[in-house]
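Chains, contacts and geometry: an overview
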Amino acid sequence: MKQIKQEKCIVCHKIICKQCKWEADEKAVAEIQSGMMTACPLCGWKPGDAVL
């Protein structure tokens, strides 16, 4: 069996809403990457919208 080496991320790119500053957790990141989530679940902002 092959061992899986786990390393800590030194440079982390977080997904954060530009309007309300909501930060995506691992589950939300997966939903964003799969296209299931296209807007902030708190304020509805999405890329391309104006920041109020």
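These remarks concern the structure in this document. Note that the structure is predicted; figures quoted are calculated from it, not measured.

**Describing the overall build of the chain**
- Helix and strand content of the chain: 1 helix and 0 strands.
- A buried classification covers 13% of the 52 residues belonging to the chain.
- Partitioning the contacts of the chain with sequence separation of at least 6, the portion at a separation of at least 24 is 26%.
- Carbon and sulfur atoms provide 55% of the accessible area of the chain, an area that totals close to 5000 Å².

**Some points on the pattern of salt bridges**
- Considering all chains together, one arrives at 1 salt bridge under this definition.
- The shortest N-O distance in the salt bridge between E23 and K14 comes to 3.7 Å.
- What makes E23 partly exposed here is its relative accessible area of 41%.
- Its relative accessible area of 54% is what places K14 among the exposed residues.

**A closer look at unusual backbone geometry**
- Phi is positive for K21, which is not a glycine, with a value near 70 degrees.
- Structurally, K21 can be placed in the segment before α1 (26-34).
- Take K21: its relative accessible area is 58%, and that puts it in the exposed class.

**Observations regarding the nonpolar core**
- In this structure, C17, W22, A24, A28, M37, C40 and W45 together form the largest nonpolar core, which totals 7 residues.
- Once residues lying within four places of it in the same chain are set aside, the contact partners of A24 are I15, V29 and I32.

**Overview of α1**
- Two or three places before K27, at the opening of α1, D25 has a side-chain oxygen 3.3 Å from that residue's backbone nitrogen.
- Directly after α1, the chain includes G35, whose backbone phi takes a positive value near 90 degrees.

Thresholds applied
Residues numbered from 1 in each chain as written. Predicted model: local features only at pLDDT ≥ 70, side-chain atom pairs only at ≥ 80, totals over all residues. Heavy atoms only, no water. Helix = DSSP H or I, 4+ residues; strand = E, 2+ residues; numbered from the N terminus. Buried < 20%, exposed > 50% of the residue type's maximum accessible area, 1.4 Å probe, protein only. Contact = heavy atoms within 4.5 Å. Areas by Shrake-Rupley, 256 points an atom, 1.4 Å probe, with all protein chains shown as cover. Salt bridge = Lys/Arg side-chain N within 4 Å of Asp/Glu carboxyl O. Core = buried A, V, L, I, M, F, W, Y, C linked by side-chain atoms within 4.5 Å. Polar contact = N/O pair within 3.5 Å; in protein donor to acceptor, adjacent residues only side chain to side chain.

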